[in-house]
Structures are given as C-alpha cells and as structure tokens.
Amino acid sequence: MSSEPSSSASQQSSTSPHSPGSLHLPENRRARDRSPSPMRGGYLIPSPLPTRRTRTFSATARASEGPIYKGVCKFFCRSKGHGFITPADGGPDIFVHISDIEGEYVPVAGDEVTYKMCTIPPKNEKLQAVEVVITHLAPGTKHETWSGHVVSS
C-alpha cells in the first residue's frame, strides 16, 4: 500500500496523446513566448465595430442624410451591448449597437423601431442600424429603462 502510483499508470499518463509531456518541438525550434494579453498591462484593442464614439464625422453625416427604415427588434442583449433588427421589407438582419439607440427604453424582442443605416468598416459590406428609435413597445412585455426602472406595456 504505497502512496506512489504504479509504474504502468505513470507510463500511460506521460505517453497519452493529450498530455503536455508527449508534445515535442523539433530540435531547431523553441517554445515561443506568449504575447501579452490585451486585458492585462494597460493594452487596449479598439473594437472593430463603429460605435457612436468611434464613427467618423463623414460616416455619421452620410447615415443621418439617408432614408428612415422600419423594422422589428429581433434580439437585444443589454449586457453585451448589441442586438439585431429584422427589417420590415424582409432583408437580412441588421446589427445594432447600444450606443445607437435613442430614447429611454432598452429594446426587447418584438418592439417596432425606425432606424437609419451605415456600413461597417473595413470592407463596408455589412450594415449597421444607427439612430434607432422605438416607435411601438411590444405588447405584454416588461420594458426596462436605461436607469433600471421596469415598466409593463
């Protein structure tokens, strides 16, 4: 009754294909140092999504001159800060960021909204809803204001 593991058990664990000890680098290569995490050491990686704060003036001007579209909120997550709108004309879903929502209520699924659109860089192939305004609250749902008050509709 020794506390040491049996020799066959220790051989199996060290030669297991999933154990770190079984991974060998070629002799001419060494393990590379890990790059610093963007969350440590004061590093900041800019978000690839254009928010109201990071959008250029020209993109903001183009979006504000564009037509107003109607749609329905498909999904919105306040903790993540984004969601999607289903256009009334039936196109693909449009991304919406928390910084582009006007008014006092957090949108929920089923809310009718109006919005304008701008493209998302760098390729400008996808669209993002801006100047989003809730026109009709979804009936029978609880809505939360940005300050945290809950209102039933």
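The shown structure was predicted, so the numbers you read here are calculated from the model rather than taken from an experiment.

> Quick one: what's the story with unusual backbone geometry, residue by residue and with numbers?
Of note in the backbone geometry, E131 takes a positive phi value of approximately 50° without being a glycine. Assignment of secondary structure puts E131 in strand β6 (residues 126–136).

> Outline the side chain of T114, listing residues and values.
Among the secondary structure elements, T114 is positioned in strand β5 (residues 112–120). Given the relative accessible area of 17%, T114 is considered buried. For T114, the contacting residues outside a window of four places in its chain are I68, Y69, K70, E131, V132, V133 and T135.

> Provide a residue-level description of the pattern of salt bridges, including the pertinent values.
Counting across every chain of the model gives 3 salt bridges. In this structure, E144 engages R78 in a salt bridge whose closest nitrogen and oxygen atoms are separated by 3.0 Å. Taken together, the positions of E144 in strand β7 (residues 142–144) and R78 in the loop between β1 (69–77) and β2 (82–87) put the pair 66 residues apart, joining distant regions of the chain. The class for E144 is partly exposed, based on a relative accessible area of 32%. Taking the relative accessible area as the measure of exposure, R78 reaches 33% and is therefore partly exposed. Taking the shortest distance from any N to any O, the salt bridge between K116 and E131 comes out at 3.5 Å. Taken together, the residues span a long stretch of sequence, with K116 in strand β5 and E131 in strand β6 at a distance of 15 residues. Note on K116: relative accessible area 13%, which makes it buried. Relative accessible area serves as the criterion here: at 29%, E131 is assigned to the partly exposed category.

> Explain the nonpolar core to me, using residue names and the numbers behind them.
Among the nonpolar cores identified, the biggest contains 12 residues, and these are C73, F76, I85, I94, V96, I101, V106, V113, Y115, A129, V132 and I134. Taken together, the elements giving at least two residues each to this core come down to β1, β3 (94–97), β5 and β6. If one sorts the elements of this core by residue count, β6 sits on top with 3 residues. With residues near it in sequence (within four places) discarded, V132 still touches I85, V96, D100, I101, E102, V113, T114 and Y115.

What counts, and where the lines are drawn
Residues numbered from 1 in each chain as written. Predicted model: local features only at pLDDT ≥ 70, side-chain atom pairs only at ≥ 80, totals over all residues. Heavy atoms only, no water. Helix = DSSP H or I, 4+ residues; strand = E, 2+ residues; numbered from the N terminus. Buried < 20%, exposed > 50% of the residue type's maximum accessible area, 1.4 Å probe, protein only. Contact = heavy atoms within 4.5 Å. Salt bridge = Lys/Arg side-chain N within 4 Å of Asp/Glu carboxyl O. Core = buried A, V, L, I, M, F, W, Y, C linked by side-chain atoms within 4.5 Å.

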